[in-house]
Amino acid sequence: MSDKKISFSLYFLEKINPLSHDFKVFYQKCVKHAYYKKGEFLNSSGTICNKLFYIKKGIIRGFHIIEKKEITTWLSSDNELVTSITGFFKNTSAKESMQAIEDTYVEYLEYNDFQKALDKFPEMTKIFTSLLIEYYIHAENRTLISRIPSAKGRFNHFLKAGNAFLLDRAPHKYLASLLSMRPETFSRLLSTYQIDLVSEIQS
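Scope of this entry: the structure provided in the associated data block. (Residues numbered from 1 in each chain as written. Predicted model: local features only at pLDDT ≥ 70, side-chain atom pairs only at ≥ 80, totals over all residues. Heavy atoms only, no water.)

### What to know about the overall build of the chain
As a reminder, the rule being used: Note on conventions: DSSP H or I runs of at least 4 residues are helices, E runs of at least 2 residues are strands, and numbering of each starts at the N terminus. Note on definitions: a residue-residue contact is assigned when non-hydrogen atoms from the two residues lie within 4.5 Å. Calculation of accessible area relied on Shrake-Rupley with a 1.4 Å probe; when residues are assessed, cover is drawn exclusively from the protein chains displayed.
Looking only at helices and strands, the chain has eight helices and eight strands in total. At a minimum sequence separation of 6, the contacts of the chain that also span at least 24 residues come to 66%. For the chain, the exposed area adds up to about 11800 Å²; of that, 53% sits on carbon and sulfur atoms.

### So, the nonpolar core
Nonpolar side chains in soluble globular proteins generally cluster together in the buried interior. Inclusion rule: Working definition of a nonpolar core: buried Ala, Val, Leu, Ile, Met, Phe, Trp, Tyr and Cys residues. They are joined through side-chain atoms within 4.5 Å. Burial classification: accessible surface area is computed with a 1.4 Å probe over protein chains only, and a residue below 20% of its type maximum counts as buried, one above 50% as exposed, and the rest as partly exposed.
In this structure, L75, F155, F158, L175, M181 and F186 are the most contacted members of the largest nonpolar core, which totals 20 residues. Going through the elements one at a time, α6 (151–163), α7 (172–178) and α8 (183–202) are the ones with two or more residues in this core. In this view, F186 contacts F155, L167, H172, L175, A176, L179 and M181; residues no more than four positions away in its chain are not counted. Within the second largest apolar cluster, 19 residues are counted, among which are L19, F26, V31 and Y111.

### Thoughts on the pairing of strand β8 (residues 104–110)
Two faces make up the sheet, and in a regular strand the side chains alternate between them. For clarity, the cut-off: By definition, two strands form a pair when at least two bridges between them are found by DSSP.
Across the seven residues of β8, five count as buried, placing the element largely inside the fold. Where strand β1 (residues 32–36) lies against β8, five bridges are found, and the strand directions are antiparallel. What sits directly across from K32, in β8, is Y108. Looking at chain direction, strand β3 (residues 51–57) and β8 are connected through six bridges and run antiparallel. Bridging from a neighbouring strand, K57 pairs with Y105 of β8.

### Let's talk about helix α1 (residues 8–16)
Turn by turn, an α-helix covers 3.6 residues, leaving residues three or four places apart pointing in a common direction. Note the cut-off: Our arc is simply the arc of the directions from the helix axis toward the C-beta atoms.
Along α1, the residues that are buried comprise S9, L10 and L13. Along the long axis of α1, the arc covered by the buried residues comes to 100 degrees, so they all point the same way. The inward-facing, buried residues of α1 abut α2 (21–30), β3, β6 (81–82), β8 and α5 (122–147).

### Focus: the packing of aromatic side chains
Selection rule: For this analysis, a ring pair means two rings from Phe, Tyr or Trp (six-membered ring only for Trp) whose centres lie within 6.5 Å, classed as stacked if their planes differ by under 30 degrees, edge-to-face if by over 60, and tilted for the remaining angles.
One pass over the full model with this rule turns up 17 aromatic pairs. Between F23 and Y27, the ring centres sit 5.9 Å apart and the planes meet at 25 degrees, which makes this aromatic pair stacked. Taken as a pair, F23 and Y27 lie in helix α2 at a separation of four residues, close to a single helical turn. Each member of the pair, F23 as well as Y27, carries the same accessibility label: buried. Taking the centre distance of 5.7 Å and the plane angle of 70 degrees together, the rings of F155 and F186 count as edge-to-face.

### Regarding the sheet that holds strand β5 (residues 69–76)
Backbone-to-backbone hydrogen bonds join strands into a sheet, with any given pair of strands oriented parallel or antiparallel. Convention followed: Think of each axis as a best-fit line through the C-alpha atoms, taken over the contacting stretch in the case of a helix, with angles from 0 to 180 degrees between the N-to-C directions.
Pairing is antiparallel in the open sheet, where four strands are placed in the order β2-β7-β4-β5. Looking at which strands have only one partner, the edges of the open sheet turn out to be β2 (41–43) and β5. Taken over all neighbouring pairs, the strand axes of this sheet differ in orientation by 35 degrees on average, direction set aside. Both β2 and strand β7 (residues 97–100) contribute to a ladder of two bridges, which runs antiparallel. In the sheet register, F41 faces β7, and the bridge partner there is Q99.

Without other data, these values stay purely geometric and don't point to any function.
So this is what it looks like as structure tokens:
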């Protein structure tokens, strides 16, 4: 490969599947870098999302506007791949918007380059399959959370799924929206959780 610094996302992809030298050369030529300030949009509903993002550092949320209300449907953070599923993979207008909720650094591959990689490199097909599996796992988890009757049950399931770190990084109004509860309810559950945590540490 050239002397260009190896992209973080290339290391991430190689953990999913071994990569050939030719693929690495192709990827290094195509991958781009971007920085989004907190509050900035990566893509808006109704526009085609032509980028597959790798989050080097930061948090991105996906949300819909339903009945004039923003509904957060997912949050992704460091070392995750994100895009609009409909907007990118089907190359049509995205149904959701994507927004950085803290200063976010990303690397990304554009749609045309992604398609070229699929056509030319077998490892990209395996990576694509792995991404779809991960997407459906996350979708299944979101569906399960939404079906839990109590707000406390949804809150606890969210934490047990390894998301406690988001309590200190993501605005609580987005977490409340993600968990389908009022901000006041989320604040009450969070206070109880923090008290219990302190008691557990002190005991």
